[in-house]
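# Notes for the structure review
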Amino acid sequence: MNTVAHQIPSDILAAYAAGQLPHPYALVVAAHVSMCDAARAEVEGYQMLGGTMMEAEGPVDVSATMRDAIFAQLDAPAPVEPEYKAQGPIPAPIMAALKGKAPKWRGVGLGAKQALVHKSDAGTVRLLHIPAGQAMPDHGHAGLEMTMVLQGAFYDGEDRFGVGDVEIADEEIDHTPIAAGGEPCICLAATDAPLRFNSRLPRLLQPILGI
Amino acid sequence: TQELSDQTIWMLAVRDARDRAAFGRLFDHFAPRLKAMIMRSGMAADQAEDVVQDVMLTVWRKAGMFDPARAQVSAWIYQIARNRQIDVIRRETRPVPEELSQETSCEPAADQALALEQEAAQLRAALAELPEAQRTMVEQAYLGDLTHGEIRVNTGLPLGTIKSRIRLALEKLRHDLKELRAQ
Ligand SMILES: [Zn+2]
Ligand SMILES: [Zn+2]
């Protein structure tokens, strides 16, 4: 696989709809679908497929006590769930992952900043804030990286990625995305394995930054 | 003969009139199927019933969000169930997109709901014609296990397995689905 995608590929959207996508990528997909009607329609198509398959399942007996228990709870007040809205360029599902708090930006050198959104065995999601015209650290990937633009734009070689566009990179890609001119570029980046940086300084910083 | 399915009618009665009898019918139709789906992930019957209970209570409580112009009842409940399963199995909250605000469309919502109903019938027909092996793959992907262990261990590349596992089946389905949506 060696894809540069501005849209999220169908298999990833389908995996998301089926609940099969690892959490870090699911965050990016949820953020993208919040901003992209085409992806929303496609995901809804796969959900329809899932619903149709579920409805075709051979029914299994359920206990009458469970049915009664549900009816007994219909009048009980529903637990209040916090609702998160997009804040500036940061989409609602990312605000939810941050529990509504502003991102904790940390300088990573040369005016670039990053903020951790999620970290688990499944991978890492972070926000990147890169000054206009500046390169992100040159790096390769041990796993799969999904990067979505939330503000501004970046170039990777010939390709320009604007707001809502997603770049997908894996082991085979060694790249140096460069923020476009104008406003700073804010990106959402998900990886399932630590990035391998090619220059010495970022490699030394890697354990500290947790990326 | 275009009309809304029983499930849609029951769901609208729950949404608009808080109709308990209609909710009972929804329960009797969906709970046994949800339980079957949830038990595929290796969950014991008791725990599966707990999940079904949470899902059906959510259906009752969030009925106001149901929009028959955007989703079939089965698709809407399927999403709720997958979310809940992930919460329980992976102990993490599944990321969900921001809800659309009730949009105004030039097409009346009732027509859209009927069109969706027709799409669903065509989708069921397309699924019925799928070769057995492909159908099994789609079933595995959409109804099966939700632990990421399996996905990651096989290839080391999380998406690799998903891709090979459902690509063939999806290509055909995607083609059918696109045609449906284009009509
Ligand atoms: Zn899109
Ligand atoms: Zn990269």
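Residues numbered from 1 in each chain as written. Chains lettered and ligands numbered in written order. Predicted model: local features only at pLDDT ≥ 70, side-chain atom pairs only at ≥ 80, totals over all residues. Heavy atoms only, no water.

### Let's talk about the confidence of the model for chain B
Residues and elements named next belong to chain B. Note the cut-off: One confidence number per residue, pLDDT, is output by the predictor and ranges from 0 to 100. Helix and strand assignments come from DSSP, with helices taken as H or I runs of at least 4 residues and strands as E runs of at least 2, each series counted from the N terminus. Every residue pair with non-hydrogen atoms within 4.5 Å of one another is taken to be in contact.
For chain B, the average pLDDT comes to 80, and 75% of its residues sit at 70 or higher. When pLDDT is averaged over each helix and strand of chain B, the minimum, 35, is found for helix H7 (residues 148–155) and the maximum, 98, for helix H2 (residues 20–39). Contacts for the low-pLDDT stretch residues 148–166, under 50 throughout, to residues beyond four places or in other chains number 40 contacts.

### As for the interface of chain B and chain A
Applied cut-off: For this analysis, a salt bridge means a side-chain nitrogen from Lys or Arg found within 4 Å of a carboxyl oxygen belonging to Asp or Glu. Pairs of N or O atoms are called polar contacts if they sit within 3.5 Å, as long as, within protein, a hydrogen donor faces a hydrogen acceptor (for residues adjacent in sequence, only side-chain-to-side-chain pairs). Any residue that is not Ala, Val, Leu, Ile, Met, Phe, Trp, Tyr, Cys, Pro, Asp, Glu, Lys or Arg is counted as polar, Gly included; the first ten are nonpolar and the last four charged.
Listed by partner, the interface residues are 74 residues for chain B and 65 residues for chain A. The interface formed by chain B and chain A holds five salt bridges in total. Two residues, A:Arg67 and B:Asp28, come together in a salt bridge whose shortest N-O distance is 2.9 Å. Taken together, the links from chain B to chain A amount to 21 residue pairs in polar contact (both at pLDDT 80 or more). Of all the elements in the fold, those that place two or more residues in the side of chain B that touches chain A are H2, helix H3 (45–61), helix H4 (73–90), helix H5 (109–128), helix H6 (132–143), H7 and helix H8 (158–182) of chain B. Of the residues in the side of chain B that touches chain A, the class split is 38 nonpolar, twelve polar and 24 charged.

### Here's the deal with the sheet that holds strand E1 (residues 106–107) of chain A
All names here are of chain A. Keep this limit in mind: Strand pairing is defined by DSSP finding a minimum of two bridges between the two strands. Axis definition: a line fitted to C-alpha atoms, over the contacting stretch in the case of helices. Angles run 0 to 180 degrees between N-to-C directions.
Taken in spatial order, the six strands make up an open sheet running E1-E2-E3-E10-E5-E8, and their pairing is antiparallel. The sheet is open, and its two edges are formed by E1 and strand E8 (166–169), each paired on a single side. As paired elements, strand E3 (residues 123–130) and strand E10 (residues 185–191) share seven bridges and run antiparallel to each other. In the strand pairing of E10, His129 is matched with Ile186. Packing of helix H2 (residues 23–35) onto the sheet brings it into contact with strand E2 (113–120), E3, strand E5 (145–151), E8 and E10, and relative to E5 it is tilted by some 35°.

### Overview of the nonpolar core
To keep it simple, the criterion reads: To form a nonpolar core, buried Ala, Val, Leu, Ile, Met, Phe, Trp, Tyr and Cys residues must be joined to one another through side-chain atoms within 4.5 Å. Each residue is placed in one exposure class: buried if its accessible area under a 1.4 Å probe, protein chains only, is under 20% of its type's maximum, exposed if it is over 50%, and partly exposed if it falls in between.
Grouped together as the largest cluster of nonpolar side chains are 86 residues, with contacts concentrated most on A:Val29, A:Met146, B:Leu34, B:Met56, B:Ile77 and B:Tyr142. Ranked by the residues each element gives to this core, the list is headed by H2(B), at nine residues. Once you skip the residues sitting within four places of it in the chain, B:Ile77 turns out to touch A:Met54, B:Phe30, B:Leu34, B:Val55 and B:Val59. Core analysis: the next-biggest nonpolar cluster, separate from the first, contains eleven residues, A:Ala112, A:Leu128, A:Met136 and A:Ala189 among them.

### Observations regarding the coordination of the zinc ion (ligand 1)
Residues and elements named next belong to chain A. Our working rule: Coordination partners: N, O, S within 2.8 Å of the metal, 3.2 Å for Na, K and Ca; water not considered, so apparent gaps in a site are possible.
Summarising the metal site, the zinc ion (ligand 1) is bound by the protein donors Gln7 (OE1), His32 (NE2) and Cys36 (SG), whose distances to it range over 2.1 to 2.2 Å. For the zinc ion (ligand 1), the single-chain donor residues occur in sequence as Q-x24-H-x3-C. Each member of the pair, His32 as well as Cys36, is classed as buried.

### Section: the pattern of salt bridges
Under the counting rule described, the total for this entry stands at eleven salt bridges over all chains. B:Asp54 is paired through a salt bridge with B:Arg84; the nearest N and O atoms lie 2.8 Å apart. Of this pair, B:Asp54 sits in helix H3 while B:Arg84 sits in helix H4; the two residues are 30 residues apart in sequence, bridging distant segments of the chain. With relative accessibility at 28%, the residue B:Arg84 sits in the partly exposed group. Taken together, the shared-partner salt bridges in this structure form one network comprising A:Glu57, B:Arg40 and B:Glu139.

### Section: the pairing of E5(A)
All names here are of chain A. Among the seven residues of E5, seven are classified as buried, and the element is accordingly described as predominantly covered. Pairing of E5 with E8 involves four bridges; the strand directions are antiparallel. By the bridge assignment, Thr147 is partnered in E8 with Glu167. In this sheet, E10 lies alongside E5 in antiparallel orientation, the contact comprising six bridges. Across the sheet, the residue bridging to Gln151 is Ile186, located in E10.

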